[in-house]
Amino acid sequence: MIKVNSGFSRLKSNYLFAEIARRVGEYKNTHPDDALVDLGIGDVTLPLPSAVVDAMHHATAEMGRKESFRGYGPYYGYNFLREAIAENDYRGRGIEVGADEVFVSDGCKSDCGSIGDLFSEDTRVAVCDPVYPVYIDANVMDGRSGVFDDSKGKWPGIDTLYCGPENDFVPDVPSGDEACLIYLCFPNNPTGASINKAQLTAWVDYALQTGSIILFDSAYEAFITEELPHSIFEIEGAKKCAIEMRSFSKTAGFTGMRCGYTVICKELMVDGISIRDMWIRRQATKFNGVSYITQRGAEAIYSTEGKGQVRANIDFYMRNAARLREGLFAAGYDVFGGVNAPYVWVKTPSGEDSWAYFDYLLNEKGIVVTPGSGFGDAGEGFFRMTAFGSEESTLEAIRRLSEKCGHVSSSSGLTT
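Caption draft 1: Seen up close, the packing of aromatic side chains. Tallying each qualifying case throughout the model produces 28 aromatic pairs. With a centroid separation of 6.2 Å and 85° between ring planes, the pair formed by Phe169 and Phe382 is classed as edge-to-face. In this pair, Phe169 sits in the loop between strand 4 (158–162) and strand 5 (180–185) while Phe382 sits in strand 15 (residues 382–386), placing the two residues 213 residues apart along the sequence. Exposure remark for Phe169: the relative accessible area of 5% places this residue in the buried category. The class for Phe382 is buried, based on a relative accessible area of 6%. Judged by centre distance (5.3 Å) and plane angle (35°), the rings of Tyr357 and Tyr360 are tilted. Pair noted here: Tyr357 and Tyr360 are both in helix 12 (residues 354–365), with a separation of three residues, about one helical turn. Here Tyr357 falls in the buried class, since its relative accessible area comes to 5%. Its relative accessible area of 32% is what places Tyr360 among the partly exposed residues.

Following this line, the structure appears as structure tokens:
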């Protein structure tokens, strides 16, 4: 008899952002004339850099000519893009990474969800709390979580690493010695926290000592403004215990194009088996590659013109982050993040439930945020706002949120 994957029945009834969309949809149906300010889901608003568009136009023209048409591309990405990534994102920072250790994909989300294919079902998993939901959901689907324990409020196969104001939202290295898959995301989504070299070194040392593997989601490294590691491979020994994932979605506006990459170095071995070679085999079976047109667009990000345009977009979003951080602080909120990441993490004013405050902001202020509890138990009593909106929507959100205290920050450019 056929049975369905029982992991799906263990998931929460709705994916976090799907639930937000449902509630927002209901609001719009009953308030069709209201203008919502949406700083919830972290989708970009600036258009693709012109260097990217030009490169894609050229690639499209190539696909329309017999002599330059391309059919199936390499499963792992065209070498022109893999080489550009290795040269600019790694060798340019003094990290020796080969193009054959770079694997182009349709984004961090897909790779974070698929990387579990390489490891057995009884492998333990450790995630930060709060956490990007995909890390947990993917492992629940894969049967790696066990059955949720209501009495303890946790998955028995998934360890949570508390991240709160007390530890600056950076998890403490555990005292145990059990090997596990450790998901780390820095700069962090959702809290906007960053990790310094000493903290990241402690995690690499721990992974080497215990035989663990760090799955390092570095999707927001381009938003770093302080002297912090941009790659886990800046840490000695990391090539033997870490996999790094990055995305062009937020850095270059590829949320609608879908392109990112994963780096697995040849040194990463488990029981004498190459994890890189396993990923090659997995991708050849389950992934058809990213389109030639999209990859030519991604390559253009590394041109002189493209680098300048991407930097301008990132600077725009980080100005929004600074406005949110300063404006909400002046309005009486406790605010975190927004310095090295395009997210601000905000405490509900009087300890309100995250979803209750989400509903309040939606229905009373016309503002869409992301409730912190959707990212885990430690997110309860917080909400996340993104800096990816327009300047106008960012300022309007600050104005509406400031009304409750009767004042706003002079640095936000608004007046009471």
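Okay, back to it.
Caption draft 2: Inspection of the sheet that holds strand 5 at higher detail. Spatial ordering of the open sheet is given by 2-8-7-6-5-3-4, a layout of seven strands whose pairing is mixed. Edge positions in the sheet fall to strand 2 (102–105) and strand 4, since each has one partner strand and no second. Here the average twist between neighbouring strands, direction ignored, is 20°. Bridge analysis of strand 7 (residues 242–247) against strand 8 (residues 260–263) gives four bridges, and the strand direction is antiparallel. Its bridge partner being in strand 8, Ser247 is matched across the sheet by Gly260.

Caption draft 3: Spatial organisation of the sheet that holds strand 11 (residues 335–337). With respect to topology, four strands assemble into an open sheet ordered 11-12-15-14, the strand pairing being antiparallel. Every other strand in the sheet has two partners, leaving strand 11 and strand 14 (370–371) as the edge strands with one partner each.

Caption draft 4: Region of interest: unusual backbone geometry. Put simply, Asp129 and Pro130 share a cis peptide bond, and its omega is 10°. Position of Pro130 relative to the elements: it lies in the loop between strand 3 (124–129) and helix 6 (133–141). Residue Pro187 follows Phe186 across a cis peptide bond; omega there is -10°. Tracing the sequence through the fold places Pro187 in the loop between strand 5 and helix 7 (197–210). Of note in the backbone geometry, Phe169 takes a positive phi value of approximately 60° without being a glycine. The phi torsion at Asp271 lies on the positive side, around 55°, for a residue other than glycine. Relative to the elements of secondary structure, Asp271 occurs in the loop between strand 9 (269–270) and strand 10 (273–274).

Reading guide: rules and limits
- Residues numbered from 1 in each chain as written.
- Predicted model: local features only at pLDDT ≥ 70, side-chain atom pairs only at ≥ 80, totals over all residues.
- Heavy atoms only, no water.
- Phe/Tyr/Trp six-rings, centres within 6.5 Å; stacked < 30°, edge-to-face > 60°.
- Helix = DSSP H or I, 4+ residues; strand = E, 2+ residues; numbered from the N terminus.
- Buried < 20%, exposed > 50% of the residue type's maximum accessible area, 1.4 Å probe, protein only.
- Pairing = 2+ DSSP bridges.
- Axes fitted to C-alpha atoms, helices over the stretch in contact; angles between N-to-C directions.

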